[in-house]
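Summary of the model geometry
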6 protein chains.
Amino acid sequence: MQLQLKTWQFVEEYLKSRTGIIIPIGSTEQHGPTGLIGTDALTAEMIGRGVGEKVGALVAPTIPVGMAQHHLAFPGSMTVRPSTLIALIRDQVMSLARHGFTRFYFINGHGGNVATVTASFSEIYAERSMERLSNQPSIKCVLRNWWESAGIKSLSRELYGNAEGSHATPSEVALTWYGYPQTMQQKPMEPRIAPTGGFADAEDYRRNFPDGRIGSDPNLATPEHGKRIYETAVADVARDYEAWVSR
Amino acid sequence: MQLQLKTWQFVEEYLKSRTGIIIPIGSTEQHGPTGLIGTDALTAEMIGRGVGEKVGALVAPTIPVGMAQHHLAFPGSMTVRPSTLIALIRDQVMSLARHGFTRFYFINGHGGNVATVTASFSEIYAERSMERLSNQPSIKCVLRNWWESAGIKSLSRELYGNAEGSHATPSEVALTWYGYPQTMQQKPMEPRIAPTGGFADAEDYRRNFPDGRIGSDPNLATPEHGKRIYETAVADVARDYEAWVSR
Amino acid sequence: MQLQLKTWQFVEEYLKSRTGIIIPIGSTEQHGPTGLIGTDALTAEMIGRGVGEKVGALVAPTIPVGMAQHHLAFPGSMTVRPSTLIALIRDQVMSLARHGFTRFYFINGHGGNVATVTASFSEIYAERSMERLSNQPSIKCVLRNWWESAGIKSLSRELYGNAEGSHATPSEVALTWYGYPQTMQQKPMEPRIAPTGGFADAEDYRRNFPDGRIGSDPNLATPEHGKRIYETAVADVARDYEAWVSR
Amino acid sequence: MQLQLKTWQFVEEYLKSRTGIIIPIGSTEQHGPTGLIGTDALTAEMIGRGVGEKVGALVAPTIPVGMAQHHLAFPGSMTVRPSTLIALIRDQVMSLARHGFTRFYFINGHGGNVATVTASFSEIYAERSMERLSNQPSIKCVLRNWWESAGIKSLSRELYGNAEGSHATPSEVALTWYGYPQTMQQKPMEPRIAPTGGFADAEDYRRNFPDGRIGSDPNLATPEHGKRIYETAVADVARDYEAWVSR
Amino acid sequence: MQLQLKTWQFVEEYLKSRTGIIIPIGSTEQHGPTGLIGTDALTAEMIGRGVGEKVGALVAPTIPVGMAQHHLAFPGSMTVRPSTLIALIRDQVMSLARHGFTRFYFINGHGGNVATVTASFSEIYAERSMERLSNQPSIKCVLRNWWESAGIKSLSRELYGNAEGSHATPSEVALTWYGYPQTMQQKPMEPRIAPTGGFADAEDYRRNFPDGRIGSDPNLATPEHGKRIYETAVADVARDYEAWVSR
Amino acid sequence: MQLQLKTWQFVEEYLKSRTGIIIPIGSTEQHGPTGLIGTDALTAEMIGRGVGEKVGALVAPTIPVGMAQHHLAFPGSMTVRPSTLIALIRDQVMSLARHGFTRFYFINGHGGNVATVTASFSEIYAERSMERLSNQPSIKCVLRNWWESAGIKSLSRELYGNAEGSHATPSEVALTWYGYPQTMQQKPMEPRIAPTGGFADAEDYRRNFPDGRIGSDPNLATPEHGKRIYETAVADVARDYEAWVSR
C-alpha cells in the first residue's frame with residue numbers, strides 16, 4: 001500500500017475508514033567497509049512496506065536523508081541539519097493532516113534521527129498548543145526504531161551476541177543483504193569487533209572509529225539471518241502499529 | 001550506481017577520477033484519476049538510475065516530496081514549502097561537496113519544483129559569493145526536466161499530439177506503467193482532454209481542474225509507449241550529463 | 001498612480017472598485033562597462049509606472065535589490081539571498097492582502113529574480129493551501145519580464161539582432177538612457193559582442209565574463225531606441241495586465 | 001552620486017579612496033488624511049541624495065518598505081516583519097562589505113524602523129563577534145533619523161511648536177510637498193491637533209488615532225517650509241556623515 | 001510572587017482578577033575588572049522581584065542571556081543573536097498570552113537589549129496586524145530600563161556625578177553588592193574614569209575599552225548606595241507598572 | 001562558582017587550566033496541584049550549583065524556559081518551540097566556545113527537553129562537520145538528567161516505589177521543598193497515584209492528566225527526603241562530570 005503507487009481517489013476512499021499512515025525514515029551514511037550507505041533508509045523502507053501490506057495501511061515515501069552529521073568524515077555520507085529536518089517533517093505531516101490523516105507512524109532506521117524527529121513532533125504540536133484549540137481533531141505522531149522491538153532484540157542477541165554493536169551492525173547488514181543480495185560482500189576487518197564509545201562531530205567520530213563501525217562485526221551477517229530479521233521486525237512493528245492507531 | 005547501494009570506500013575511490021553526482025527529485029501529488037501519486041518521483045528515479053548506469057555516475061537518493069502546494073486539495077498530495085526545500089537541497093549539496101563532489105546534476109520529474117530548486121542553487125552560490133573565495137573548487141548545480149529533451153518532446157508529440165497536456169500527461173503515465181505495470185488502470189474521464197489554464201493556491205487549482213488533470217488525456221498511454229519514452233529520456237539525459245560534467 | 005504618492009483614504013476608495021496592484025522588482029548589479037548598476041530596477045520602475053498610468057492601477061514601491069549573487073565579483077553589486085527575498089515578498093504581499101488587494105502583478109527587470117520570485121509566490125500560496133480555506137478571497141500573484149513581450153522581442157531583434165545578448169543588453173541600456181540621459185556613455189569593448197555561456201557563483205561568473213556583459217554589444221544602444229522600447233513595453237505589459245486582472 | 005546611476009568601474013575607482021556609503025531607509029504607510037503613504041521613504045531618499053551630492057558619497061537604493069505593522073489598519077500601508085528586515089539589511093550590508101565598503105550610514109525616515117534596524121546591525125556584528133577575527137577590516141553601521149538633528153529640531157519648533165507631533169508631522173509633510181509639489185492638498189481635520197499616546201498592534205493604533213495622525217497638525221505645512229527643512233537636514237546630516245566616516 | 005514558586009492553580013486564580021506579568025531580562029557579560037558577569041540579569045531580577053512583591057504581580061523567570069555581541073572579546077561574556085532573542089521572546093509571550101495574560105512588562109538590566117527586545121514586540125504585534133483581528137483581546141508589551149527612572153537618574157547623579165558612565169557603572173555595581181555582598185571587591189583602575197565613545201563589534205569594543213568599562217568609576221560604589229538604589233528603583237518601577245497596566 | 005558572580009578576569013584565569021562549564025536547563029510548567037511551576041529549573045539549578053562547588057567548575061546561568069508545549073493547557077506554563085531552543089543553545093554554546101570553553105555539560109531538570117537539546121548539539125556539530133576542519137579544538141556537549149543517576153534511581157525507589165511516576169514526582173517535589181521550604185503544601189489528590197500514559201499536544205495532555213500529574217503521588221514528599229535527594233544527585237553528577245571532562 002505505497003502512497004506513491006495509489007491515486008488520489010484511492011486515498012479519498014481510504015480516509016473514510018482509516019486515518020493512520022506509515023512514514024519510513026532513514027539516513028544516507030557510511031556503514032563500515034561493507035555496509036551500504038543507504039542501509040538505514042533501505043531497512044526502514046523494507047520494513048515499512050512490509051508492515052503496510054500486513055496491516056493495510058498506506059506508506060508514505062521514505063525520507064532517505066536524515067541527521068547524520070557525525071558520519072561526514074566518510075565519503076558519500078549525507079546529512080540535513082536538525083533545523084532543516086524539523087521543517088521537512090513539519091511540512092510533510094501538515095500536508096497529510098490537511099487531508100484528514102491524524103496518526104503518523106514513523107518507522108526509523110537510524111539512531112541519529114531519534115532526537116531530531118522527536119523534536120519535530122514537538123514543533124508540530126507546539127503550533128497547536130500555543131493556540132487555544134477547541135474542536136480540532138487530535139494529531140499524533142510516534143517514532144519506532146525497528147531494531148528495538150522485543151523480538152529483534154532477542155533475535156540479534158541470539159545471532160550475534162556482543163558482536164551486534166551499534167553501528168554497521170550485523171543485523172542491519174543482514175537485512176540489506178536479504179533485500180539487496182547483489183550487494184553482499186565480506187572484507188577482513190581489524191579489529192574483528194569494532195571499538196565502542198561516544199562521539200561529537202565528524203572529525204571526532206572518525207578519530208574514534210577509523211573504519212566507521214561501532215562495536216560490531218558485520219562479517220557475521222548472512223542473507224538468511226536477514227530474512228528472519230525482516231519477518232520478525234515486520235511482525236513486531238505491525239502489532240505495535242495496530243495497537244497504537246486504535247488507541 | 002546508486003549511492004545507497006555502495007560503501008564509503010567505493011565512493012572514496014570514485015572521487016579520485018570523477019566529481020559529478022546525479023540527484024533525482026520528484027513530487028508526491030495527485031496525477032488525475034488514474035495517475036500515481038508518486039509519478040514525478042518514480043519517473044525521475046527511473047531515469048536517474050538509467051542515466052547513472054549508462055554514464056557510470058553515482059546516483060543519490062531521490063528527493064521524493066517536492067513543492068506541490070497547488071495539489072493539496074486532492075487527498076494524498078504532499079508538499080514542502082519553498083523555504084524548506086531550499087534548506088534541504090542546500091544541506092544535501094553541502095554534505096556531498098565536503099567529500100569533493102563539485103557537479104550536482106538534478107534530474108527533475110515535476111514542473112512545480114523548477115523555481116524553488118533553481119532558487120536553492122542560488123542560495124548555495126550566494127553563501128560562496130558573499131565571501132571572497134580565492135582558491136576553493138568551483139561548485140556547480142544544474143536542473144534538467146526529463147520531459148524537455150528534444151527527443152522526448154518529439155516523441156510525445158508523435159504519440160499524443162495535443163493530448164499530452166501538462167499535468168497527468170500520457171507520457172508520464174506511460175512511463176510509470178512501464179516501470180510499475182501492476183498499477184495500470186484506465187477510467188473514463190470527462191472531458192476526454194482536460195482543460196488548460198493557470199492556477200494559484202490549492203483551492204484555485206481544484207476549482208479549475210476538478211479531476212486533477214491539466215490539458216491531458218492519460219488514457220492514451222500504454223506500457224509500450226513507456227518503454228520508448230524511458231529509453232529516449234535516458235539516452236538524451238545521459239548525453240546531456242556527459243557534456244555538462246566535462247565542461 | 002504611485003502608492004507612495006497617495007493617501008490611505010485614496011487607497012480605501014480605490015479598493016472599492018479594483019483589487020489589483022503593480023509591484024516593480026529589479027536588481028542592483030553591474031551591467032558591463034557602461035550600463036548602470038541600477039538598470040534592472042530603473043527599467044522595471046519606468047515601465048511599472050507607465051503601465052500604472054495607462055491602466056489606472058496603483059504601483060507599489062519598487063523592490064530595488066534582487067537576487068544577484070552571481071554579480072558580486074563586480075564592485076557595487078548587491079544581493080539578497082533567495083530565502084531573504086522570499087520572506088520580503090511574502091510580507092509585502094500579505095500586508096497588501098490584508099487591505100483587500102487580491103491581484104499582485106510583479107513587473108520584473110532582472111532574469112536572476114525569476115526563480116526566487118516564483119518560489120516566493122508558492123511560499124505565499126502554501127500557507128493557504130496547507131490549511132483548509134473555505135470562503136477566503138483568492139489571492140493571485142504573477143511575474144512578467146518586460147523584455148519578453150512579443151513586441152519587445154521583435155523590436156530588439158530588429159534593432160540589435162544577435163548583439164542583444166542576455167546581460168547588459170543594448171535594449172536595457174537604451175531604456176535607461178531614455179530615462180536617465182545624463183548617464184549615457186560609450187566605451188570601446190573587447191570583444192565587441194561579449195561571450196555567452198552559463199555561470200554558477202560570483203567567481204565563476206567573472207571568470208567567464210570579465211567585463212560583466214553576456215552576449216551583448218551595448219554600444220549599439222541609443223536614447224531614441226530607448227523611447228521606442230519604453231513605449232512598446234508599456235503598451236504590451238498594460239494589455240497583459242488588463243487581461244490578467246480581469247480573469 | 002546614486003549607486004544606481006553608476007557603473008561597476010566607477011565604484012571600483014571610488015573604493016580606492018573612500019569606503020563609506022549612504023543607505024536611505026523609509027517606510028510605506030499611512031500619514032494621515034493628506035500625508036503621502038511614501039512620506040518616510042521619499043524624505044529619507046531626498047535627504048540621502050542631497051547629502052551624497054554634498055559630501056561626494058555613494059548612495060545605495062532606498063529601502064522603501066520598513067517596519068510598520070502598527071499602520072496596517074489603514075489601507076495601503078505595508079510592512080515587513082522585524083525578522084525579515086534584519087535578514088534584508090544583513091544581506092545588503094554583507095554584499096557591499098565584500099567589495100570593500102566598511103562604513104554604512106543609514107538615513108532613516110521612520111521612527112518605527114529604529115529598533116529593528118539597530119537590531120540588524122547587532123545581527124551583522126554578532127556573526128563577526130562569535131568568531132575570533134584577527135585582521136579583518138572593521139565594519140561599522142550607524143542609523144541617523146533626519147528629524148533629530150539639532151537644526152531640524154529647532155526649525156520645527158519654530159515653525160510648528162507643539163503642533164509638530166510625532167506622526168504625519170507638518171515637517172515631513174512640508175518636505176514631501178517641496179519634493180512632490182503636485183501632491184499638495186489640505187483637508188479639515190478634527191481635532192486640529194491630533195491626540196497623542198502609545199500603541200501596540202494595528203487595531204490598537206487605529207482605535208487610538210482614528211485618522212492616522214499622532215499629535216500633529218499637518219495643515220500647517222507649506223512647500224516653502226519644506227525647502228528650509230530640506231536644506232537644514234542636508235546640511236546637518238552631511239556634517240554628521242563626514243565626522244562619522246572620518247573616525 | 002515569582003511564577004516559578006507558584007502552582008498552576010494559583011495562576012488560574014490570579015488570572016481571574018489580573019492579566020499583567022513582569023518579565024526581568026538581563027545579560028551575561030563582562031562588567032569591568034570588578035563588576036559581575038551577571039550584573040544585568042541580577043539587577044533586573046532583584047528589582048523585578050521587588051516590584052512584584054510591592055504590586056502583587058507575578059514575575060516570570062528572568063531571561064539571563066541577552067544581546068551582548070559587543071562584549072564577546074572578554075572571557076565569560078555570552079550572547080544570543082537578535083534573531084534568536086526575537087524568537088525566544090515571541091514564544092514566551094505567546095505561551096503566556098494563551099492563558100489570558102495580556103500585559104507584559106519587561107524590566108531590563110542591559111542597554112544592549114533595548115533595540116532587539118523592542119523589535120521582538122513588533123514581531124509579536126506584526127503576526128496579529130497582518131491578519132484582520134476583530135474581537136481578540138489586545139496584547140501589549142513594554143520595556144523599562146530600571147536605571148532610567150527619574151529617581152534613579154537623580155540618585156546616581158547625586159552619588160557619582162560624571163563618574164557614573166554607561167557600562168560597569170557604580171550604580172549597577174552597588175546594586176549587585178547590596179544583593180550579593182560576598183562578591184564585593186575593589187581594584188585600582190587606570191584611568192580612574194574609563195573612556196567613553198561608541199563601538200561596533202567585539203574587537204572594536206575591546207580596542208576602545210581595554211578593561212571593559214565605559215565612562216565609569218565603579219570603585220565609588222558601596223553596598224549602602226546599593227540599598228538606596230534598590231529601594232528607589234523598586235518604588236519608581238512599581239509606580240510605573242501600576243500606571244501602565246491600568247491603562 | 002556561578003559565572004554570573006565572577007568577573008571576566010576570573011574567567012580568563014580559569015580558562016588557563018580548565019575548559020569545562022556546567023549549564024543547568026529546566027522548564028517553567030505546571031507540576032500538579034502542589035508542585036512549583038519552576039520545579040525543573042529550580043532543581044537543575046540547585047544541583048548544577050552544588051556540582052559546580054564540588055568540582056570547582058563554572059556554572060552558566062540556568063536556561064529557565066524549555067520545551068514544554070504539552071503543558072500549555074495549564075495556566076502559567078511557558079514554552080519555547082524546538083526550533084527556538086536549538087537557536088538559543090547554539091548561540092550560548094558558540095559564545096562560550098569563542099573564549100576557549102570546549103566541554104559543555106548540561107544538567108537537565110525536564111524530560112521534555114531531552115530530544116530538543118540533543119538535536120541542538122547536532123545542530124552545533126553539523127556546522128563544523130559540514131566544513132573540513134583540520135586543527136580546530138574539539139567541542140563536546142552532553143546532557144545529563146539528574147534523576148537518572150544510579151543513586152537517585154535507587155533512592156527514589158526506596159522512598160516512593162511505584163508512586164514516583166514521571167511528572168510532578170515526589171522526588172522533584174521533595175527537592176524543591178528542601179530548597180524552597182516556604183513553598184511546601186499538601187492537598188488531597190484524586191486518585192492518590194495519578195494515571196500514566198502518553199500524550200501529544202496540550203489538549204491531549206490535559207484530557208489524559210486532568211490535574212497535571214503523571215503516575216505520581218507528590219504528597220509522599222518531605223523536605224528531609226529532598227535533602228537526601230540533593231546530596232545524592234550532587235555526588236553522582238559531580239562524579240560523572242569529572243569523568244566526562246577528563247576524557
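Presented here is an overview of the structure given in this document. Quick caveat, the model's predicted, so the values are computed rather than measured. Within every chain, residues take consecutive numbers counted from 1 along the sequence as written. Chain letters and ligand numbers both follow the written order, the letters beginning at A and the numbers at 1. Totals for whole chains, interfaces and linings use every residue, but because this is a predicted model, local features are given only for residues with pLDDT of at least 70 and side-chain atom pairs only at 80 or more, for both listing and counting. Note that the side-chain values use all heavy atoms of the structure and ignore hydrogens as well as water.

**Observations regarding unusual backbone geometry**
Residue and element names in this part refer to chain A.
- Cis peptide bonds are those with omega within 30 degrees of zero, and the linkage from glutamate 190 to proline 191 qualifies with 0°.
- Checked against the element boundaries, proline 191 lands in the loop between helix H6 (170-179) and helix H7 (202-208).
- The phi angle at alanine 168 is positive, at roughly 60°, despite the residue not being glycine.
- For the purposes of this entry, the term helix denotes a DSSP run of H or I that reaches at least four residues, the term strand denotes a run of E that reaches at least two, and both are numbered from the N terminus. In this fold, alanine 168 is placed in the loop between helix H5 (150-160) and H6.

**Observations regarding the relation of the copies chain E and chain A**
- Superposing the copies works by least squares over the C-alpha atoms of residues that have pLDDT at least 70 in both of them. For the pair chain E and chain A, the superposition axis carries a translation of 0.0 Å, the fit reaches an RMSD of 0.0 Å, and the rotation angle comes to 120°. The operation mapping one copy onto its partner corresponds to a three-fold rotation axis. The rotation axis passes nearest to the C-alpha of Glu127(E) in chain E, at a distance of 7.9 Å.

**Examining the relation of the copies chain C and chain D**
- At an RMSD of 0.0 Å, chain C and chain D line up after a rotation of 180° and a shift of 0.0 Å along the axis. The superposition of one copy onto the other is thereby described by a two-fold rotation axis. Proximity to the rotation axis, assessed at the C-alpha, singles out Thr84(C) in chain C; its C-alpha lies 3.4 Å from the axis.
- Working rule for contacts: check all heavy atoms of both residues, and any pair within 4.5 Å makes them a contact. Comparing interface residues between copies, 100% of those in chain C also lie at the interface in chain D; the contact surface is shared.

**Quick word on empty space enclosed by the protein**
- With a 1 Å grid laid over protein atoms only, a set of points is called a cavity when a 1.4 Å probe fits there but cannot get out and a pocket when it is open yet has protein on both sides within 12 Å along at least five of seven lines; lining residues have an atom within 4 Å of a point. Grid points are joined across faces, edges and corners, and a volume is the space filled by probe spheres set on the points. Overall, the coordinates contain nine cavities of 30 Å³ or more when judged by the stated rule.
- Approximately 110 Å³ is the volume attributed to the largest cavity.
- Surrounding the largest cavity, Pro61(E), Thr62(E), Ile63(E), Pro64(E), Val65(E), Leu88(E), Gln92(E), Ile63(F), Pro64(F), Val65(F), Leu88(F) and Gln92(F) form its lining.
- Elements with a contribution of two residues or more to the lining of the largest cavity: helix H3 (82-99) of chain E together with helix H3 (82-99) of chain F.
- Any residue that is not Ala, Val, Leu, Ile, Met, Phe, Trp, Tyr, Cys, Pro, Asp, Glu, Lys or Arg is counted as polar, Gly included; the first ten are nonpolar and the last four charged. Partitioning the lining of the largest cavity into residue classes produces nine nonpolar, three polar and no charged.

**Some remarks on the side chain of Thr79(E)**
Residues and elements named next belong to chain E.
- Residue placement: threonine 79 occurs in the loop between strand E2 (58-59) and H3.
- The rule is simple: take the accessible area with a 1.4 Å probe, protein chains only, and divide by the maximum for that residue type; under 20% is buried, over 50% is exposed, in between is partly exposed. With relative accessibility at 0%, the residue threonine 79 sits in the buried group.
- As used in this structure description, the phrase polar contact means that two N or O atoms lie within 3.5 Å; if the pair is within protein, one of them must be able to donate a hydrogen and the other to accept it, and residues adjacent in sequence are counted only when both atoms belong to side chains. Side-chain polar atoms of threonine 79 contact the backbone oxygen of glycine 66, separated by 3.5 Å.

**Some points on the interface of chain C and chain D**
- On the side of chain D, 56 residues touch chain C, which itself brings 56 residues to the contact.
- Roughly 4,400 Å² of surface becomes buried between chain C and chain D when both sides are summed, with 63% attributable to carbon and sulfur atoms.
- We define a salt bridge as a contact between a side-chain nitrogen of Lys or Arg and a carboxyl oxygen of Asp or Glu at a distance within 4 Å. Our count for the contact surface shared by chain C and chain D stands at four salt bridges.
- Taken together, the connections running from chain C to chain D amount to 22 residue pairs in polar contact (both at pLDDT 80 or more). Accessible area, probed at 1.4 Å, shrinks when two parts are joined; the buried area is that loss added up over both.

**A word on the pattern of salt bridges**
- Evaluation of the coordinates by the stated rule reveals 90 salt bridges over all chains.
- Asp240(B) is paired through a salt bridge with Arg144(B); the nearest N and O atoms lie 2.5 Å apart. With Asp240(B) in helix H8 (residues 223-245) and Arg144(B) in strand E4 (residues 140-145), the pair connects residues that are 96 residues apart, well separated along the chain.
- Relative accessible area serves as the criterion here: at 24%, Asp240(B) is assigned to the partly exposed category.
- The class of Arg144(B) is partly exposed, set by a relative accessible area of 25%.
- Residues joined by salt bridges that share partners form a network here, namely Arg81(A), Arg90(B), Asp91(B) and Glu127(B).

**Description of the sheet that holds strand E3 (residues 103-108) of chain C**
Residue and element names in this part refer to chain C.
- A pair of strands counts as paired when DSSP detects no fewer than two bridges linking them. Read from one edge to the other, the open sheet built from four strands follows the order E2-E1-E3-E4, with strand pairing classed as parallel. Whereas interior strands pair on both sides, the edge strands pair on one side only; in this sheet they are strand E2 (58-59) and strand E4 (140-145).
- Summarising the sheet, E3 and E4 pair through six bridges and their orientation is parallel. The partner of phenylalanine 106 across the bridge, within E4, is leucine 143.
- Where helices are involved, their axes are fitted lines through C-alpha atoms of the stretch in contact, as for all axes, and angles between N-to-C directions lie from 0 to 180°. In the packing of helix H2 (residues 39-55) onto the sheet, contacts are made with strand E1 (20-25), E2 and E3, and the angle to E1 comes to roughly 160°.
- Packed onto the sheet, helix H8 (residues 223-245) meets E1, E3 and E4 and runs at close to 160° relative to E3.

**Section: the interface of chain E and chain A**
- Between chain E and chain A, the contact holds seven residues from the first and four residues from the second.
- With both sides pooled, the region where chain E packs onto chain A buries about 420 Å², and carbon together with sulfur makes up 45% of that total.
- Connecting chain E to chain A are zero salt bridges.
- Along the contact surface separating chain E from chain A lie one residue pair in polar contact (both at pLDDT 80 or more).
- A per-class count over the side of chain E that touches chain A returns one nonpolar, three polar and three charged.

**Section: the packing of helix H2 (residues 39-55) of chain D against helix H6 (residues 170-179) of chain D**
All names here are of chain D.
- Running from N to C, H2 and H6 point in directions that differ by 65°, and their axes come no closer than 10 Å. The angle between the axes of H2 and H6 places the two elements in the roughly perpendicular class. For H2 against H6, the interelement crossing comes out left-handed. Along its contact with H2, which presents Thr39, Asp40, Thr43, Met46 and Ile47, the element H6 presents Glu172, Leu175, Thr176, Tyr178 and Gly179.
- Among the residues forming the contact of H2 with H6, the class breakdown is four nonpolar, four polar and two charged. Small angles under 35 degrees read as roughly parallel and large ones over 145 as roughly antiparallel, with 65 to 115 read as roughly perpendicular and the rest as oblique. A crossing counts as left-handed when the near helix is turned anticlockwise from the far one by less than a right angle, and as right-handed when that turn is clockwise.

**Some points on the sheet that holds strand E4 (residues 140-145) of chain A**
All names here are of chain A.
- Overall, parallel pairing links the four strands, which are arranged E2-E1-E3-E4 in an open sheet. Taken across any chain shown, the strands that pair with only one partner, and hence form the sheet edges, are strand E2 (58-59) and E4.
- When strand E1 (residues 20-25) meets E2, the two strands line up parallel, connected through two bridges. Bridge assignment links isoleucine 21 to a residue of E2, and that residue is leucine 58.
- Its contacts with the sheet put helix H2 (residues 39-55) on E1, E2 and strand E3 (103-108), and the angle it makes with E1 is roughly 160°.

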